[in-house]
Every structure is written in C-alpha cells, then in structure tokens.
Amino acid sequence: MAQLLIQHKGVAPEEAFTLLGASGSRSEDGLIGQFGSGAKLAITTLLRAGKKVTIYCGLTRLEFKTKSIVINDGLSERTERQVYVQFGGTSKRKQDLGWVIGFGELDWATNLDMAIREFVANAIDRTVKQGDNVREAHVDRDLAVEVVPDDFMRAQAGYTRVFIESCEVCEEYANNL
C-alpha cells in the first residue's frame, strides 16, 4: 500500500488537529484557515471513507481512529462513533476528541478531494506565513504533496507530515496538482 504525503517545514501544534476552533491563521490576510475546523473536518471525512490518517507534528505521531459510544438523551439511546487520537513517538497518550464521525457529513460527506485540499492549503499557508516562497519550498521538498511507499511513513524533525492511506483519488490529486 502507498501513502499520500503532504508535508511542510515547521511543526504544527497538536491542537491544530485536535481542538475545534484552534486556528493559527485567523485574521491573517491571504491565508485560508480561519475557523479552526478544516483540519478536523478533513480528518473526519477521511475516517468516514475508511482511510487511515496519521500526522506527525515534528517527532510526535497522531493516529486518528474511532470508537463506539452510546448517547442517551433520556428517551432513547443511539450509538455514535467518536473520533480519538492515539499519540506515539514523543507521547504515548490517547485523547478522546469532542466530535463524532458524523461531524460535517452534510456538507463534506466523503468528498476526499475537499479533505486533501484542506491539508494542502494548510501546508501552503504555513509556508507563506514563515516567509518562504512556495515554488522554492516545493523544489527544495520543504513543501511536498506526493504518493510515497508505506516505509516512508515516519517523523521528520522540524516538519509536519500528513499521511493518508492512498487511493485513486489521492493519486489523481497529487498527479494533477
């Protein structure tokens, strides 16, 4: 199996992927992220589609998964799939996140293009914020979007790396970028 790698120089805070409303781009002209929900919606969309999502914030690994929970409103019970993150690398904790797999499904559904675009836009935003030229960063591989083999999936100090279990949509996205 292969992975779609989206990478940028600089280490994103874990909260960018785990805390709703946390945005490093709010009020910055020309940057895409403003609401602090895009990366979380992208992760959830990929999980809904059955794709594995692993993000490295520097040397810390975040693996996103779901678990069944029961919600009881006093009249009935329903089962939901809550999103959680299993940390690895520099941390071994597990954190239940404050949303379920249905978050955003009315407008994001399982549109993988939107999810991939979100991560690519975040990588470009970070590159611009730190004053780097996007084209030069791409040539230098400080900014990358490409399909890589599974054994390439690892941390790199000083970088944020998003790995998405590859599929036809991922490969087409990387080829057409």
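Residues numbered from 1 in each chain as written. Predicted model: local features only at pLDDT ≥ 70, side-chain atom pairs only at ≥ 80, totals over all residues. Heavy atoms only, no water.

(A) Representation of the overall build of the protein within the structure. Helices and strands together make up the secondary structure of the protein, namely 5 helices and 7 strands. Listing the helices and strands of the protein from first to last along the sequence gives β-α-α-β-β-β-β-α-α-β-β-α. The C-alpha atoms of the protein give a radius of gyration of 16 Å, which matches the 16 Å a tight globule of 177 residues would have. Along the first, second and third principal axes, the C-alpha atoms of the protein reach 60 × 40 × 35 Å. (Helix = DSSP H or I, 4+ residues; strand = E, 2+ residues; numbered from the N terminus. Rg over C-alpha atoms; globule rule 2.2 N^0.38 Å.)

(B) Just the packing of helix α3 (residues 112–129) against helix α5 (residues 168–176), in detail. Packing of α3 against α5 brings their axes to within 10 Å, and their N-to-C directions diverge by 45°. By the angle class used here, α3 and α5 are oblique. The crossing of α3 and α5 is right-handed. Contacts from L112, D113, I116, R117 and V120 of α3 reach α5 at V169, C170 and Y173. Counted by class, the contact of α3 with α5 contains 6 nonpolar, no polar and 2 charged residues. (Axes fitted to C-alpha atoms, helices over the stretch in contact; angles between N-to-C directions. Parallel < 35°, antiparallel > 145°, perpendicular 65-115°, else oblique. Left-handed = near helix turned anticlockwise from the far one by under 90°. Contact = heavy atoms within 4.5 Å. Nonpolar A, V, L, I, M, F, W, Y, C, P; charged D, E, K, R; others polar.)

(C) Quick peek at the packing of aromatic side chains. Taken as a whole, this structure holds 2 aromatic pairs when the rule is applied. Taken together, a centroid distance of 6.0 Å and an interplanar angle of 90° make the contact between Y56 and F163 edge-to-face. In this pair, Y56 sits in strand β2 (residues 53–57) while F163 sits in strand β7 (residues 159–165), placing the two residues 107 residues apart along the sequence. Look at Y56 and you get buried, because its relative accessible area is 7%. A residue is classified by how much of its surface remains accessible, and F163, at 0% relative accessible area, is buried. Ring plane angle 50° and centroid distance 6.1 Å describe the contact between W99 and F103, whose orientation is recorded as tilted. On the accessibility criterion, W99 (5% relative accessible area) is buried. Above the ring of Y84, the side-chain terminus of K94 is found at 4.5 Å from the ring centroid. (Phe/Tyr/Trp six-rings, centres within 6.5 Å; stacked < 30°, edge-to-face > 60°. Buried < 20%, exposed > 50% of the residue type's maximum accessible area, 1.4 Å probe, protein only. Lys NZ or Arg CZ within 6 Å of the ring centre and 35° of its normal.)

(D) Highlighting the side chain of T127. The residue T127 is located in helix α3 in this model. Every residue in contact with T127, bar those within four places of it in the chain, is listed here: H8, D132, N133, V134, A137 and L143.

(E) Representation of unusual backbone geometry in the model. The backbone of R141 sits at a positive phi, close to 70°, despite the residue not being glycine. In this structure, R141 sits in the loop between α4 (134–139) and β6 (143–149).

(F) Representation of the environment of H8. Considering the arrangement of structural elements, one finds H8 in strand β1 (residues 2–9). Separated by 119 residues in sequence, H8 and T127 place their C-alpha atoms 6.9 Å apart. Not counting residues within four places of it along the chain, the set of residues in contact with H8 comprises A123, R126, T127, D142, L143, Y159 and T160.

(G) Structural view of the pattern of salt bridges. By the definition in use, this model includes 5 salt bridges. Close ionic contact of D96 with K67 constitutes a salt bridge, the shortest N to O distance being 2.9 Å. Of this pair, D96 sits in strand β5 (residues 94–100) while K67 sits in strand β3 (residues 60–72), and the two are 29 residues apart along the sequence. Given a relative accessible area of 40%, D96 falls into the partly exposed group. As a salt-bridge pair, E146 and R141 come within 2.6 Å of each other at their nearest N and O atoms. Take E146: its relative accessible area is 26%, and that puts it in the partly exposed class. (Salt bridge = Lys/Arg side-chain N within 4 Å of Asp/Glu carboxyl O.)

Structural measurements only, silent on function.
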